[in-house]
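Listed below are the residues making up each chain.
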Amino acid sequence: MRQSKLFTKTQKDLPKDEVSKNAQLLIRAGFVDKLQAGVYTYLPLGFRVLKKIEKLIREEMEGVGAQEILMPSLHPKENWEKTGRWESMDDLYKVKDSSGRENALGLTHEEVVVPLAKKFISSYKDLPFSVFQIQNKFRMELRAKSGILRGREFIMKDLYSFHKDEADLKEFYEKMKGVYKTVFEKAGLGDNTYLTFASGGSFSKYSHEYQTVTPAGEDIIYICEKCRIALNKEIIEDQKECPECGNKDLKEEKAIEVGNIFELKTKFSVPFELRYKDENGEEKPVIMGCYGIGLGRLLGTVVEVLSDENGIVWPENIAPFSYHLVVLGSRDEDADKKIKDTAEKIYNDMQEKGIDVLYDDREKVSFGEKIKDSDLIGIPTRILVSEKTLKENSVEVKKRSEKESRLVKIDELDL
Ligand code: ATP
Ligand code: MG
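About the thresholds
- Residues numbered from 1 in each chain as written.
- Chains lettered and ligands numbered in written order.
- Predicted model: local features only at pLDDT ≥ 70, side-chain atom pairs only at ≥ 80, totals over all residues.
- Heavy atoms only, no water.
- Helix = DSSP H or I, 4+ residues; strand = E, 2+ residues; numbered from the N terminus.
- Expected span 1.5 Å × (residues − 1).
- Buried < 20%, exposed > 50% of the residue type's maximum accessible area, 1.4 Å probe, protein only.
- Arc of directions from axis to C-beta.
- Contact = heavy atoms within 4.5 Å.
- Salt bridge = Lys/Arg side-chain N within 4 Å of Asp/Glu carboxyl O.
- Axes fitted to C-alpha atoms, helices over the stretch in contact; angles between N-to-C directions.
- Parallel < 35°, antiparallel > 145°, perpendicular 65-115°, else oblique.
- Nonpolar A, V, L, I, M, F, W, Y, C, P; charged D, E, K, R; others polar.
- Phe/Tyr/Trp six-rings, centres within 6.5 Å; stacked < 30°, edge-to-face > 60°.
- Lys NZ or Arg CZ within 6 Å of the ring centre and 35° of its normal.
- Pairing = 2+ DSSP bridges.
- Core = buried A, V, L, I, M, F, W, Y, C linked by side-chain atoms within 4.5 Å.
- Near = heavy atom within 4 Å.
- Polar contact = N/O pair within 3.5 Å; in protein donor to acceptor, adjacent residues only side chain to side chain.
- Areas by Shrake-Rupley, 256 points an atom, 1.4 Å probe, with all protein chains shown as cover.

Asker: I would appreciate a short explanation of helix α8 (residues 333–352) in the present structure.
Answerer: Helical geometry: 3.6 residues make up each α-helical turn, so side chains three or four residues apart lie on a common side. Helix length check: α8 (20 residues) gives 28 Å between terminal C-alpha atoms against 28 Å at 1.5 Å per residue, within 8%. All of the buried residues in α8 are A335, D336, I339, T342, A343, I346, Y347 and M350. One face of α8 carries all of its buried residues, which in axial projection span an arc of 135°. Looking at α8, the residues exposed on the side facing more than 90 degrees away from the buried face are E333, D334, K337, K345 and E352. In this fold, the buried residues of α8 make contact with β17 (323–327), β18 (357–360), β19 (381–385), α10 (387–391) and β20 (394–399).

This is the structure we're talking about:
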């Protein structure tokens, strides 16, 4: 893509009320735009990252056999009354139309997916299965000061699994732990993310959160480095040691929950009478699990954790582009033509090979400005074509995550 054609620009001015680092960087670099507190537009660069995260997550969910669906955001009030959550969830957006009819804007989807599953489950032969969606959620977050980490409208992957008994749920749940680990590793958060034991509510002792250590986090966790797991402070009152190895030397850190997995068991099957007939014709409640990841939160967390003083540092798997090709013209007409022809050729070759490249072909933008923008945007590898590099028949190649650059002969450029 030609940067000269990008309708967005890097920004110097920020919304006055934007205090979070992730949103400041993402707005300045032109990845998102703020509409109001907790509500953001994904611009072309940000949307590309979001799509890469989506693809990464989708592949992993399909890898465990989950089937993708898309459920609505507008939910009938009756469904939420059935679970008691119309009254009990204080972050639920409620909307009333002109006829007086009330709906909820979905903040999670048990109230929709359970009645849906009920239409297709009658026998043990219909189990197990799992469905997921990647879709917008709405939550009346009172404090929406953390940029895209805490949206009032945000994109979540939510997966729901249906089983005939707890043993089958357990097996799937353990598999999902592996899948989640892979997702966070591939997204570049592997070193900073901990499987965290959290309060399980009334149905199981623990649920599990995936917490990434960052000063931007709103949770406190206690880490056991030996087992690479953590405890959420909210549950630690009666537990001051690692649940795996008994280690009492735990490290306190601030962290953000990037995902969680939860054994719902019969919590939602009971109110919706979601049952199946077992091998002996006996009716039993379906056993469920649910598994969430916030895509925008994951994106924002990567920005919080991996940026430096010059801007964002995208991990390869979710970068908006793999390469940033930057051309710097010359005042000398002949030299200028040669530089631009060379850059255009490299760009066309890359396009033909299907390589993801942003091409900074902007005219009348200074060297300093181009480099500053390039560092701010944070594409993993920069290829610079200038009068200086062409004197050596070379381009300058620099990784965003490294200080040093190197000259590579143009005919040895191996992309
Ligand atoms: P938190 O404690 O941070 O409010 P939660 O426990 O309410 O999170 P869940 O309801 O379990 O979160 O949602 C599943 C996932 O969705 C979370 O792990 C997180 O990644 C993401 N998420 C939750 N709330 C938001 C939000 N307001 N904005 C962006 N992502 C969110
Ligand atoms: Mg919440």
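Asker: Mind showing me how you'd approach the pattern of salt bridges here?
Answerer: Opposite charge on two side chains permits pairing when their charged atoms draw close. Evaluated as defined, the whole model comprises 41 salt bridges. With a shortest N-O distance of 3.0 Å, R58 and E54 are connected by a salt bridge. Of this pair, R58 and E54 both sit in helix α2 (residues 44–63), 4 residues apart, roughly one helical turn. Taking the relative accessible area as the measure of exposure, E54 reaches 13% and is therefore buried. Through salt bridges with shared partners, one network takes in K51, E54, R58 and E68.

Asker: Just to check I follow, could you spell out the environment of K96 for this structure?
Answerer: The topology assignment puts K96 in strand β5 (residues 93–96). For K96, the residues in contact, after removing those within four places along its chain, are R101 and E102.

Asker: How do you make sense of the packing of helix α1 (residues 21–28) against helix α7 (residues 295–306) when you look at a structure like this?
Answerer: The relative placement of two packed helices comes down to the angle between their axes together with the axis-to-axis distance. Two elements in contact, α1 and α7, have axes whose closest approach is 8 Å; the angle formed by their N-to-C orientations is 95°. The angle between α1 and α7 falls in the class roughly perpendicular. Mapping the contact onto sequence places K21, N22, L25 and L26 in α1 and L299, G300, V303 and E304 in α7. Class assignment for the residues of the contact of α1 with α7 results in 4 nonpolar, 2 polar and 2 charged.

Asker: What is the right way to read unusual backbone geometry from this model?
Answerer: Across residues other than glycine, the phi torsion is negative in most instances, and most of the peptide bonds are trans. The peptide bond linking L127 to P128 adopts the cis configuration, its omega dihedral lying at -5°. Although it is not a glycine, K265 adopts a positive phi angle of roughly 50°. Within the secondary structure, K265 sits in strand β13 (residues 251–265). On the basis of relative accessible area, K265 is assigned to the buried category, the value being 14%.

Asker: Explain the packing of aromatic side chains here, please?
Answerer: For any pair of aromatic rings, geometry is given as the distance between the ring centres together with the angle between the planes. Taken as a whole and assessed by the stated rule, the structure comprises 9 aromatic pairs. Judged by centre distance (5.2 Å) and plane angle (45°), the ring pair of Y180 and Y210 falls under tilted. Remark: Y210 occurs in strand β10 (residues 206–213) and Y180 occurs in helix α6 (residues 166–186); sequence separation between them is 30 residues. Its relative accessible area of 0% is what places Y180 among the buried residues. Among the aromatic side chains, those forming a connected cluster through ring pairs are F172, Y173 and Y291. It is R48 that lies over the ring of F321; its NZ or CZ is 3.9 Å from the centre.

Asker: Can you help me understand the sheet that holds β17 in this one?
Answerer: Paired through their backbone hydrogen bonds, the strands of a sheet run either parallel or antiparallel. Read from one edge to the other, the open sheet built from 5 strands follows the order β18-β17-β19-β20-β21, with strand pairing classed as mixed. The outermost strands of the open sheet, each flanked by one partner alone, are β18 and β21 (405–409). Between one strand and the next, the sheet's axes are offset by a mean angle of 25°, whatever the strand orientation. Here 5 bridges tie β20 to β21, and the two strands are oriented antiparallel to one another. Bridge pairing links S394 to K409 in β21.

Asker: What's the story with the nonpolar core in this structure? I'm lost.
Answerer: Soluble, globular proteins show a tendency: their nonpolar side chains are buried together. Judged by nonpolar contacts, the single largest core of 66 residues is most densely connected at F31, M61, Y180 and W314. Non-local contacts of W314, meaning those with residues more than four positions away in its chain, are made with L26, F31, V49, L299, V302, V303, A319, P320, I377, G378, I379 and P380.

Asker: When you look at the sheet that holds β5 in this model, what are you seeing that I'm missing?
Answerer: Spatial strand order, β4-β6-β5: 3 strands in an open sheet with antiparallel pairing. Lying at the two open borders of the sheet, with one neighbouring strand each, are β4 (74–76) and β5. On average, each strand axis in the sheet is tilted by 40° relative to the strand beside it, whichever way the strands run. Where β5 lies against strand β6 (residues 102–105), 4 bridges are found, and the strand directions are antiparallel.

Asker: I'm lost on the site of ligand 1 in this one. Help?
Answerer: In the vicinity of ligand 1 lie 13 residues, with E141, G151, E257, N260 and R297 positioned nearest. Here R139 contributes a side-chain N or O atom positioned 2.9 Å from an oxygen atom of ligand 1. Between ligand 1 and E257, the relevant distance is 2.6 Å, taken from an oxygen atom to a side-chain nitrogen or oxygen of the residue. Relative to its unbound accessible surface of 590 Å², ligand 1 loses 81% to contact with the protein. For the shell around ligand 1, the secondary-structure elements that each account for two or more residues are β8 (153–163) and β13. For the shell around ligand 1, the element with the most residues is β13, which contributes 4 residues. The residue inventory of the shell around ligand 1, partitioned by class, reads 4 nonpolar, 4 polar and 5 charged.

Asker: I would appreciate a short explanation of the pairing of β19 in the present structure.
Answerer: Looking along a regular strand, one sees the side chains alternate between the two faces of the sheet. Within β19, 5 of the 5 residues are buried, which leaves it mostly tucked inside the rest of the structure. Residues T381, I383 and V385 of β19 are buried on one face, and the alternating residues R382 and L384, pointing to the opposite face, are buried as well. Both β17 and β19 contribute to a ladder of 5 bridges, which runs parallel. By the bridge assignment, H324 is partnered in β19 with R382. Sheet topology note: the β19/β20 ladder contains 4 bridges and is antiparallel. Bridge pairing links T381 to K399 in β20.

Don't take any of this as a statement about function, it's just geometry.
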